[in-house]
Amino acid sequence: MLKLSKTKKHLTMKISILFALLPMLLLPALIFIGWVWLLHFPWLWVLQATIAIEIILILLVIFSEKQASDVNGASGWMAFGFILGHAYFAIGVTVFWLLVWLMQRFGWVEFIL
């Protein structure tokens, strides 16, 4: 009976980690998707690819954090990198949008020269 209660407690702890981690991961992902949507890229696939990549990254972080919760001091780093990485990705997407806008505005040849 003692082993069953310990397993149930461990499962409850894993589920609570998941519910604590999910909102923390969804907020930066939704903000980033909203930012890409606000930039209005001329191609629809950019927004669709962003949504697909965000879903894959969230699943990867949740799986990694679940595995890392078994090791003392190892959990939380992947989520921390996920959140801070979005700031760098937002800057990169904005620079890419500026390049696309300049190429559309001034043409390929004038932009290269």
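Structure first, text after, so check above.
The rules behind the values
- Within each chain, residues carry numbers counting from 1 in the order of the written sequence.
- In keeping with the predicted nature of the model, local features appear solely for residues at pLDDT of at least 70, side-chain atom pairs appear and are counted solely at 80 or more, and the whole-chain, interface and lining totals rest on all residues.
- Working from all heavy atoms in the structure, the side-chain values ignore hydrogens and water.
- Secondary structure is summarised from DSSP: a helix means a run of H or I of at least four residues, a strand means a run of E of at least two, and numbering begins at the N terminus for each.
- Here the term buried applies to any residue with accessible area under 20% of the maximum for its type, exposed to any over 50%, and partly exposed to those in between, with areas from a 1.4 Å probe on protein chains only.
- A positive count includes Lys and Arg, and a negative count includes Asp and Glu. His and the chain ends are not counted in either.
- One speaks of a salt bridge when a side-chain nitrogen belonging to Lys or Arg is within 4 Å of a carboxyl oxygen belonging to Asp or Glu.
- Like charges within 9 Å and nonpolar side chains (Val, Leu, Ile, Met, Phe, Trp, Tyr) within 5 Å are joined into patches, using only residues over 30% in relative accessible area that form no salt bridge.
- Each accessible area is a Shrake-Rupley result for a 1.4 Å probe, and residues are judged covered by the shown protein chains and nothing else.
- Expected span, for any helix, means 1.5 Å times one less than how many residues it has.
- Centres within 6.5 Å are what make two rings of Phe, Tyr or Trp a pair, Trp counting through its six-membered ring; a difference in plane orientation under 30 degrees is then read as stacked, over 60 as edge-to-face, and the rest as tilted.

Q: Any chance you could explain the side chain of Glu-54 here in plain terms?
A: Summarising the element assignment, Glu-54 is placed in helix α2 (residues 44-68). Among buried Asp, Glu, Lys and Arg side chains, Glu-54 stands out as unpaired, with Lys-66 the closest opposite charge at 21 Å.

Q: Whenever I open this one, a nonpolar patch on the surface confuses me. Can you help?
A: Together, Trp-35, Trp-37 and Leu-38 line one region of the surface with nonpolar side chains, adding up to about 340 Å² of accessible area. Checked against the element boundaries, Leu-38 lands in helix α1 (residues 2-39).

Q: Where do I start with helix α3 (residues 77-106) in this structure?
A: Look at α3: 43 Å from first C-alpha to last across 30 residues, which is about the 44 Å you get at 1.5 Å a residue. All of the buried residues in α3 are Ala-79, Phe-82, Gly-85, His-86, Val-93 and Val-100. Following α3 by one or two positions, Gly-107 has its phi on the positive side, about 85 degrees.

Q: Where do I start with the packing of aromatic side chains in this structure?
A: Aromatic rings considered in pairs are described by the distance between their centres and by the relative angle of their planes. A full pass over the atoms with the stated rule returns 3 aromatic pairs. Each ring, one from Trp-77 and one from Phe-80, has its centre 6.1 Å from the other, and the planes form 90 degrees; the classification is edge-to-face. Taken as a pair, Trp-77 and Phe-80 lie in helix α3 at a separation of 3 residues, close to a single helical turn. Judged by its relative accessible area of 59%, Trp-77 is exposed. Residue classification places Phe-80 among the partly exposed positions, given a relative accessible area of 47%.

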